[in-house]
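# A structural walkthrough
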Protein chains: 2
Amino acid sequence: MSKTYRVAIVGATGAVGLKFIECIERRKFPVSEVVLYASEKSEGKVLHVNGKPCRIVGLRKERVEKFDFAFFSAGSGISTQYAPLFAEKGGVVVDNSSAWRMDPGTPLVVPEVNPQDIAKHKGIIANPNCSTIQMVVALKPLHDAAGITRVVVSTYQAVSGAGGRALEEFENEVHALVVNTTPPKRAIFPRQIAFNAIAQIPQKDAFLPNGYTGEEHKMIEETKKIMGDPSIRVSPTCVRVPVKNSHSESINVETLKKLTAAEAIALLRKAPGIVVSETPGDFPTPAEVSGRDETFVGRVREDWTVPNGLHLWVVADNILKGAALNAIQIAEVIIRS
Amino acid sequence: MSKTYRVAIVGATGAVGLKFIECIERRKFPVSEVVLYASEKSEGKVLHVNGKPCRIVGLRKERVEKFDFAFFSAGSGISTQYAPLFAEKGGVVVDNSSAWRMDPGTPLVVPEVNPQDIAKHKGIIANPNCSTIQMVVALKPLHDAAGITRVVVSTYQAVSGAGGRALEEFENEVHALVVNTTPPKRAIFPRQIAFNAIAQIPQKDAFLPNGYTGEEHKMIEETKKIMGDPSIRVSPTCVRVPVKNSHSESINVETLKKLTAAEAIALLRKAPGIVVSETPGDFPTPAEVSGRDETFVGRVREDWTVPNGLHLWVVADNILKGAALNAIQIAEVIIRS
């Protein structure tokens, strides 16, 4: 009989928490037991895992137990406080927050890009930012072949990336505008998000002194760490668009070595976790990619303005590959190794 | 008594045609008479101009008359055929289609950028593509000060840019998805546009052999012509987003001379037709900019990845500054000169 694992999900009632459960079920992750933690106000609520009812445990220090894997998606505060407590008990924490990502002792992992970093963990492995994950999946084969020097990326980020309450606020706002009533007062977004585009992520305390936002800063720093190459310079503009789920990215890449569009497509076709459009009209869209595990790349073409440049249009499910799925895939690599 | 002008609007019933009327009224364009042309199927329909009923004239060769200004927005086919006929009678055609834009004998004009080209006309002046107009308005003061060499731009284009029927298709699709029914069959867009992002403009026959779309090609070529500088290299990715009106653009600019963000903001503040955000959080959004005449620039910041680079977030009403208003402004320059 093959080995099974005791698993915790911390932040089980959130958008990503629920996707952890879905990924565990759908990918037949070999669990012996799943314990669902959430805030104390969700205590006693029942969710189902693999068809079995599972009561939410309110997260408190004295309730931390030993697990083989603890998947965290409960915000940076909870991760800062609790990830070390779970790690101390043994097993591996895979943390979806930003708390540990840039910690030098914590690997930041996308399995298609730097699976070798998993072995360096000391109990915690960080899951990168959603926008970063899908970008580095697409960039990795090009970097290996041609050496990426600079990336200019503009994102088209879905509302689900701001969480379940943000999605609800968005849907209420759309509904109000469609039926011609006054939308309810906003609690999450700084501006109207229905039928609009907001060049600010995150919603609060977004801007750094250099004018980049927190989200843009994450894409800059996380890319260097995941790719293991501090020489890759990324300049992002992150924008929230009125799409429910899946992030899209317009990526401009400059490389040391020339790659033709055909060569880039051939590299992407062979790369793990990628579906590449073979014809221009076959580009991915976020609505069509939602619910899919892969990172989709289309509009691959040479940039006529530089000797060695490419454009890519990269779309992935930000809650799956951009969050829950990537974390589960990290655990799957550990299980296989 | 100041001079008044006999004006024709060709394509008066379309989204841009109606905005021509609105701009004439709102800006008190000095008209003696306005004749509205549209397809023969709209013949006899009545619109109001300055409060007076105005019957639509079905467009036929024998009905072409002499006007001081004829504002065209009825598609390239009509412009190719009819603009020379109106021009032959005397007066000036300002054409919003792509028919005459790249014709070497036809000026392509944005009044804030190249008003001097107006005088070169031989009866027809071309109005640029919507995405190009707002970009060159923002680029012009930076180019004059620092010499732009390369632009990488990703657009977030509103549905109204695809015309009135496209907007209707979009609204029907949103409504169907909100009330949970099956959306009606699409006639305009190649994919779902509600809650989605489509990296293809225009809807049909979009892709050139080099992988760029027709819209992207327009931005490349029109920018060189309007700026009067064939050395400016633009590489665009044009994307339709589920926004009703006003285009947004994430623009990365490389210049010969270094400009700090503060210097760029100061230049933009002094430039005509621009409203620049002075603080990072004060960036424009398309829903807020709709109905405004100016081009709005925010998120001005230095690109850390190159010695001389800037990011801009540029938003403008694509039916006003991107189409009808720009054409009326061209005529206003002629009147003033």
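The present account deals with the structure reproduced in this document. (Residues numbered from 1 in each chain as written. Chains lettered and ligands numbered in written order. Predicted model: local features only at pLDDT ≥ 70, side-chain atom pairs only at ≥ 80, totals over all residues.)

## Describing the relation of the copies chain B and chain A
Put simply, the rule reads: A least-squares superposition brings the copies together, and it is based on the C-alpha atoms of residues with pLDDT no lower than 70 in both. C-beta atoms are first placed from the backbone for all residues, and any pair lying within 7 Å is then listed as a contact.
Superposition record for chain B on chain A: RMSD 0.0 Å, screw rotation 180°, translation along axis 0.0 Å. Seen this way, the second copy is the image of the first under a two-fold rotation axis. A shared binding surface is used by both copies, with 100% of the interface residues of chain B retained as interface residues in chain A.

## Observations regarding the interface of chain B and chain A
We count it as follows: Runs of E in the DSSP output that reach at least two residues are strands. Runs of H or I that reach at least four are helices, and both are numbered from the N terminus. In this classification, Asp, Glu, Lys and Arg are treated as charged, Ala, Val, Leu, Ile, Met, Phe, Trp, Tyr, Cys and Pro as nonpolar, and every other residue, Gly included, as polar.
Contact residues are listed per partner, giving 45 residues for chain B and 45 residues for chain A. Of all elements in the fold, only β9 (148-156), α4 (164-178), β10 (233-237), β11 (247-255), α7 (286-289), β13 (295-302) and β14 (309-316) of chain B reach the threshold of two or more residues within the side of chain B that touches chain A. In terms of residue count, the dominant contributor to the side of chain B that touches chain A is β9(B) (4 residues). Of the residues assigned to the side of chain B that touches chain A, the class counts are 21 nonpolar, 17 polar and 7 charged.

## Description of the sheet that holds strand β8 (residues 124-126) of chain A
All names here are of chain A. Convention followed: Should DSSP find at least two bridges between two strands, the strands are taken to pair. The axes used here are C-alpha line fits, helices contributing only the stretch in contact, and every angle between their N-to-C directions lies in the interval 0 to 180 degrees.
In space, the 6 strands of this open sheet follow the order β5-β2-β1-β6-β7-β8, with parallel pairing throughout. Two strands in the sheet have a free side with no partner beyond their single neighbour: β5 (57-58) and β8. With 3 bridges joining them, strand β7 (residues 92-95) and β8 adopt parallel strand pairing. Pairing of V93 across the sheet is with I124, part of β8. Those strands touched by helix α1 (residues 15-26) are β1 (5-10), β2 (31-38) and β6 (69-72), and its axis lies near 155° from that of β1. Sheet contacts for helix α2 (residues 76-88): β1, β6, β7 and β8; angle to β7, the most-contacted strand, approximately 160°.

## Things to note about the packing of helix α1 (residues 15-26) of chain B against helix α8 (residues 320-336) of chain B
All names here are of chain B. So the rule is basically this: Should an angle fall under 35 degrees it is taken as roughly parallel, and over 145 as roughly antiparallel, whereas 65 to 115 is taken as roughly perpendicular and any remaining angle as oblique. Handedness of a helix crossing follows the sense of rotation of the near helix relative to the far helix, less than a right angle counterclockwise being left-handed and clockwise being right-handed.
Where α1 contacts α8, the two axes come as close as 9 Å, and the packing angle between them is 50°. Relative to α8, the element α1 lies oblique. Classified by chirality, the crossing of α8 by α1 is right-handed. Residues V16, K19, F20, C23 and I24 of α1 form the contact with α8, whose participating residues are L320, A323, A324, L325, A327 and I328. Per-class residue counts for the contact of α1 with α8 are 10 nonpolar, no polar and 1 charged.

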